[in-house]
Amino acid sequence: MPPPTLASVPPVLRAPLVPLALAWGAGIAAGSTLASSPRALIVAGALLLLGTALALVRARDGLAVALVLSAIAMLGALRARELPPPHDDLTATVADGPVSVEARLVEEPRRWAPDRTRVVLDVEAVVADDERRPASGRVLVTIYGEAPPLGEGQRIAAELRLHQAVGFRNPGGFDYPAQLRREGIALVGSGRGDRIRPLTVDAPPWPARVKRWAVARLNAELPEASAALLAGLLLGERTALPRETDDAFRR
């Protein structure tokens, strides 16, 4: 029996990820317009996967492929839908204005100006009148002034001003609030560095430690501007990037 050639392989098997990607993308595109609830999408996806298993048992390969692609489209639609908020949702707990929170740093702080640092926090509790109330939600905060040394995974207490994100009102323009929602960020805000108090020591996970080590080695072996540029290109680290270089890349 001669070995199979490329021409004898079905088109779907020559690039198997293409139909999967198309189904996923179609589901995401349709998810924003579907009126179905997330629960209905989950049930529909589960039924489609069950149908796929039955089709495979009966050796109905074509039907199985169609059903699994439909299930992936359902998952894509679910990805585009906003899930119901939890009972301790931060947006329902906090009104616009100052608030005291306990939170955990999601990633390493990013210093984008000498006196400004941007942090992403997973809020764990809101403190008001010496009462600690559990809360959940992710916030993007700009810290003004000098903050204590902070690292990914560290828990802090902070006084912040939080509010809903506001985007440009140009028709058809970039929807900043929608982008933040896709990233799981519920609110944005600001705070002062002297109003942040670490609750745990800075003990970041190993990826952050490796990144810090790499940045330190670049700074030790290269001139300041070259080290900052290489760290930005390789590691996305813009903390030490000269302002004029950062502006040039933005342009």
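Refer to the structure presented above.
One structure accompanies this document, and this report is about it. (Residues numbered from 1 in each chain as written. Predicted model: local features only at pLDDT ≥ 70, side-chain atom pairs only at ≥ 80, totals over all residues. Heavy atoms only, no water.)

## Description of the overall build of the protein
Let me state the cut-off plainly: Note on conventions: DSSP H or I runs of at least 4 residues are helices, E runs of at least 2 residues are strands, and numbering of each starts at the N terminus. Working definition: with a 1.4 Å probe on protein chains only, accessible area under 20% of the residue-type maximum means buried, over 50% means exposed, and in between means partly exposed. Residue contacts are defined here by distance: any two heavy atoms, one from each residue, within 4.5 Å place the two residues in contact. Shrake-Rupley sampling with a 1.4 Å probe provides the accessible areas, and residues are treated as covered by the protein chains on show and by no other component.
Along the backbone of the protein there are 9 helices and 6 strands. Residue burial in the protein is summarised as follows: out of 251 residues, 31% are buried. Once local pairs closer than 6 in sequence are excluded, the contacts in the protein between residues at least 24 apart make up 66%. Here the protein has roughly 16,200 Å² of accessible surface; of this, 61% comes from carbon and sulfur atoms.

## Considerations on the pattern of salt bridges
As a reminder of what qualifies: Salt bridge, as used here: a side-chain nitrogen of Lys or Arg that lies within 4 Å of a carboxyl oxygen of Asp or Glu.
Following the criterion strictly, the structure yields 11 salt bridges and no others. One salt bridge in this structure joins Glu107 and Arg110, with 3.9 Å as the shortest N-O distance. Note that Arg192 is salt-bridged to Asp194, the shortest N-O span being 2.7 Å. What makes Asp194 exposed here is its relative accessible area of 52%.

## Structural notes on helix H3 (residues 38–57)
The periodicity of an α-helix, 3.6 residues per turn, causes residues three or four places apart in sequence to face the same way. Quick reminder of the rule: The span you would expect from a helix comes to 1.5 Å times its residue count less one. The directions considered for the arc run from the helix axis to the C-beta atoms.
The end-to-end C-alpha distance of H3 is 29 Å, a good match for the 28 Å that 20 residues give at a rise of 1.5 Å each. Those residues of H3 lying buried are Pro38, Leu41, Gly45, Leu48, Gly51, Thr52 and Ala55. Relative to the axis of H3, the buried residues are bounded by an arc of 140° and lie together on one face. Exposed and facing more than 90 degrees away from the buried side of H3 are Arg39, Leu47, Leu50, Leu54 and Val57.

## Regarding a nonpolar patch on the surface
Here is the rule we go by: Patches here are clusters of residues that have more than 30% relative accessible area and form no salt bridge, with a 9 Å joining cutoff for like charges and a 5 Å cutoff for nonpolar side chains (Val, Leu, Ile, Met, Phe, Trp, Tyr).
Together, Val43, Leu47, Leu50 and Leu54 make up a nonpolar patch on the protein surface, roughly 390 Å² of accessible area in all. Along the chain, the position of Leu47 falls in helix H3. Since its relative accessible area comes to 55%, Leu47 is described here as exposed.

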